[in-house]
There are 2 protein chains.
Amino acid sequence: MIVGVIGLGLIGGSMAVDLRKRGFASRVLGVENEKINAEAALGIGLADEIVDLETCVAGSDVIVLAIPVGAAVKMLPKVLDLVAGTDKVVIDVCSVKEAMCQVALGHAARSSYVATHPMAGTEYSGPWAAMPGLFDGRACILCDVEESSPKAVRLVEKLYDALNMRVTYMRSDAHDMHVAYVSHISHITSFALALTVLDKEKDEKHIFDLASGGFSSTVRLAKSSADMWVPILALNHDNVLRVIDTYIDKMKEFRSAIDAYDEDKIRELIAEGNKIKRIIR
Amino acid sequence: MIVGVIGLGLIGGSMAVDLRKRGFASRVLGVENEKINAEAALGIGLADEIVDLETCVAGSDVIVLAIPVGAAVKMLPKVLDLVAGTDKVVIDVCSVKEAMCQVALGHAARSSYVATHPMAGTEYSGPWAAMPGLFDGRACILCDVEESSPKAVRLVEKLYDALNMRVTYMRSDAHDMHVAYVSHISHITSFALALTVLDKEKDEKHIFDLASGGFSSTVRLAKSSADMWVPILALNHDNVLRVIDTYIDKMKEFRSAIDAYDEDKIRELIAEGNKIKRIIR
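Keep in mind the model is a prediction, meaning the values are calculated, not measured. (Residues numbered from 1 in each chain as written. Chains lettered and ligands numbered in written order. Predicted model: local features only at pLDDT ≥ 70, side-chain atom pairs only at ≥ 80, totals over all residues.)

Novice: Describe the overall build of chain A, naming the residues involved and giving the relevant values.
Specialist: Across its full length, chain A carries eleven helices and eight strands. Taking the principal axes of the C-alpha coordinates as reference, chain A spans close to 70 × 40 × 30 Å. Taking contacts inside chain A between residues at least 6 apart in sequence as the whole, the part at least 24 apart equals 73%. (Helix = DSSP H or I, 4+ residues; strand = E, 2+ residues; numbered from the N terminus. Contact = placed C-beta atoms within 7 Å.)

Below you can see the structure in the form of structure tokens.
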């Protein structure tokens, strides 16, 4: 099976590596518009060849869109035009799914497309961040599979099986709501934390000297790339705003309790938050 | 040297273990009012003996207050009364320092007291959380050392040297401001994140199913104990409120930019937040 990967960054590059190493792909054709990334991807061995979009689609059995969701939304119809009337299968790996499914809706080749979200990653990006084993044991969400052909879905399940992922199924709108709560908001809270302390650093040069492991852990995601996150936050607009509003309310509850020296209320909020132990080990 | 440790939890227990293992303490006398903790501490071998406060102070050369800061503020004058007129040295290990120094101010035995903050820990607590090596390579802040006798300060430096800590010196008010930014706010953002998603779980039973490594990392500190954090937030009141206010402002900047689909502004905020890379590796 020849796999075409459009975008050889953290996700696309890591998929390419393991799909080939594990025998799912006999050959990987890469599309990578940034020259420096293309050279790195070839150098690292993420792809056998870097080609243009049309050559990639023409020469591949499965085409993986692994570019930021803003660009993927624009590119998907173009790729579907190219695969119409063939047996080729197209997937994307973006973390916003409703906008992707909407743009594919009614396309002649809609059934060749499977909307997927392999839930893995790090705060790094680019071909240099790609690594084997990134997806092992993690969850992969397939959305609105009733719009895809059963044959396409089966092939995609096989692909994610090669990556050792647990495949689950969801409506794209439910997916976007869920990830707003358990992924997107974490990034925003980290960015806001980074901005808060960086702001203070302007007056207090040594503010970071005492930064602890706890701080690093909560601020880590603030290293995440704007190229990836700007379109996610814009395209998952409604869900993200709703979560931010709840989050600001919770933060204000803390503020009021601290402001009033209301130790009972602070204790109640912390004890409630401690219930996260049930979820996170 | 006999070391008395009042409170054999994560911090006190971990200090006891390494101080004895590394030869600084020939013997550890522990004070632990919770029976279950006292039995655990003896069972694990954190202390040679569990005694009452008076026996501990009478039999120790160095006394370490390792209880939550609210209780430590109340206990410090009592311990200083007991050491007045002796060569004994008293330290505390709380993460709020101004309130501790204020309560000691003017006490006849003030110079026997050194205010310290060994910056290490985990989100767990109790004697079961104690571990060897917890402090290795981390920073320890000594506050307002001009109020302590040089002899007491030298002894405390030796103690932290045995724990492999880097000792630095600060005013207690500056310390409290710094930790509000690089430690206390991280805990509040984690608690608020936990509360936000736990709240949603009431309607959406499976909201945590997609929780990723990024979520775990940002929410980890929400497992931290209320016993420890209620008095910290109450006693570092002014600094914590100021940081929360800046933080809410930053969060609102994100909210407005997303609300207006202002991708340039979202990009600017993320790019600014990315500068944390300079600090956190």
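Novice: Outline the domain arrangement of chain A, listing residues and values.
Specialist: Residues and elements named next belong to chain A. The domain architecture assigned to chain A consists of domain 1 (2-170) and domain 2 (175-278). A separation of 31 Å is found between the C-alpha centroids of domain 1 and domain 2. Taken residue by residue, the interface counts 14 residues in domain 1 and 15 residues in domain 2. Secondary structure elements with two or more residues in the side of domain 1 that touches domain 2: α4 (69-83), α5 (98-104) and β7 (139-143). For the side of domain 1 that touches domain 2, the residue count by class is seven nonpolar, four polar and three charged. (Domains from an automatic or database assignment. Nonpolar A, V, L, I, M, F, W, Y, C, P; charged D, E, K, R; others polar.)

Novice: Before we move on, could you go through the interface of chain A and chain B and cite the residues and values that matter?
Specialist: With 72 residues of chain A at the interface, the matching set in chain B holds 72 residues. Those elements giving two or more residues to the side of chain A that touches chain B turn out to be β7, α7 (172-201), α8 (213-219), α9 (226-235), α10 (237-259) and α11 (263-273) of chain A. Residue contributions to the side of chain A that touches chain B peak at 20 residues, all from α7(A). Grouping the constituent residues of the side of chain A that touches chain B by class yields 45 nonpolar, 15 polar and twelve charged.

Novice: Tell me about the sheet that holds strand β5 (residues 89-92) of chain A, and name the residues and values.
Specialist: Residues and elements named next belong to chain A. Read across the open sheet, the eight strands follow the order β3-β2-β1-β4-β5-β6-β7-β8; overall the sheet is mixed. Taken across any chain shown, the strands that pair with only one partner, and hence form the sheet edges, are β3 (49-50) and β8 (166-170). In terms of strand pairing, strand β1 (residues 2-6) meets strand β2 (residues 27-31) through five bridges, oriented parallel. When the bridges of β2 are listed, I2 appears paired with R27. Its contacts with the sheet place helix α1 (residues 10-21) against β1, β2 and β4 (62-65), and it is angled at close to 170° to β1. (Pairing = 2+ DSSP bridges. Axes fitted to C-alpha atoms, helices over the stretch in contact; angles between N-to-C directions.)

Novice: Which residues make up helix α7 (residues 172-201) of chain B, and what are the values?
Specialist: In this model α7(B) runs 41 Å from its N-terminal to its C-terminal C-alpha over 30 residues, within 8% of the 44 Å that 1.5 Å per residue would give. Largest kink in α7(B): about 50°, centred on B:A180. (Expected span 1.5 Å × (residues − 1). Bend = angle between axes of the 7 residues up to and from the residue.)

Novice: Please give an account of the sheet that holds strand β7 (residues 139-143) of chain B that cites residues and values.
Specialist: Residues and elements named next belong to chain B. Spatial ordering of the open sheet is given by β3-β2-β1-β4-β5-β6-β7-β8, a layout of eight strands whose pairing is mixed. In the strand order of this sheet, the two ends are held by β3 (49-50) and β8 (166-170), each with one partner. Of the strand pairs in this sheet, strand β1 (residues 2-6) and strand β4 (residues 62-65) are connected by four bridges, and their pairing is parallel. Note that in β4 the partner of V5 across the bridge is V64.

Novice: So, the packing of α10(A) against α7(B): which residues are in play, and what are the values?
Specialist: Here α10(A) crosses α7(B) at 125°, and the two axes come no closer than 9 Å. Between α10(A) and α7(B), the crossing angle belongs to the class labelled oblique. Of the two possible hands of crossing, α10(A) and α7(B) adopt the one that is right-handed. Of the residues in α7(B), those touching α10(A) at A:V243, A:T246, A:Y247, A:K250, A:M251 and A:F254 are B:I188, B:F191, B:A192, B:L193, B:L195, B:T196 and B:D199. Split by residue class, the contact of α10(A) with α7(B) holds nine nonpolar, two polar and two charged. (Parallel < 35°, antiparallel > 145°, perpendicular 65-115°, else oblique. Left-handed = near helix turned anticlockwise from the far one by under 90°.)

Novice: So what's going on with unusual backbone geometry? Which residues, and what values?
Specialist: A negative phi angle characterises most non-glycine residues, just as the trans form characterises most peptide bonds. Residue and element names in this part refer to chain B. Positive phi is not limited to glycine here, since N164 has a value of about 60°. Relative to the helices and strands, N164 resides in the loop between α6 (150-162) and β8. One non-glycine residue, Y261, adopts positive backbone phi at about 50°.

Novice: Could you give an account of the relation of the copies chain A and chain B, with specific residues and numbers?
Specialist: Here chain A sits on chain B after a turn of 180° about the axis and a move of 0.0 Å along it, with an RMSD of 0.0 Å. Seen this way, the second copy is the image of the first under a two-fold rotation axis. The C-alpha atom lying nearest the rotation axis in chain A is that of A:T218; the distance is 2.1 Å. (Least-squares fit on C-alpha atoms with pLDDT ≥ 70 in both.)

Novice: Break down the pairing of β8(B) for me, citing the residues and quoting the values.
Specialist: Across five bridges, the pairing between β7(B) and β8(B) is parallel. Bridged to B:I141 within β8(B) is B:T168.

Novice: I'd like a description of the confidence of the model for chain A, backed by residues and values.
Specialist: Residues with a pLDDT of 70 or more make up 100% of chain A, whose mean pLDDT is 96. Overall fold confidence for the complex sits at a pTM of 0.92, while the interface term, ipTM, reaches 0.92. (pLDDT = per-residue confidence, 0-100.)

Novice: If you had to explain the packing of α10(A) against α11(A) to someone new, which residues and values would you point to?
Specialist: Residues and elements named next belong to chain A. Two elements in contact, α10 and α11, have axes separated by 8 Å at closest approach and are oriented at 150°. One element, α10, and the other, α11, form an angle in the roughly antiparallel class. Like other packed secondary-structure pairs, α10 and α11 cross with a definite hand, here left-handed. In contact with E253, F254, A257 and I258 of α10, α11 contributes K265, I266 and L269. For the contact of α10 with α11, the residue count by class is five nonpolar, no polar and two charged.

Novice: An account of the pairing of strand β6 (residues 113-118) of chain A is needed here, citing residue identities and associated values.
Specialist: Residue and element names in this part refer to chain A. Burial analysis of β6 places six of its six residues in the buried class, the great majority of the element. Burial along β6 is two-sided: Y113, A115 and H117 facing one way and V114, T116 and P118 facing the other are all buried. Alignment of β5 against β6, held across three bridges, turns out to be parallel. Of the residues in β6, the one forming a bridge with D92 is A115. Handedness of the β-α-β unit built from β5, α5 and β6 comes out right-handed. (Buried ≥ 20, exposed ≤ 12 C-beta atoms within 10 Å, placed from the backbone. Right-handed = clockwise from strand over helix to strand, strands pointing away.)

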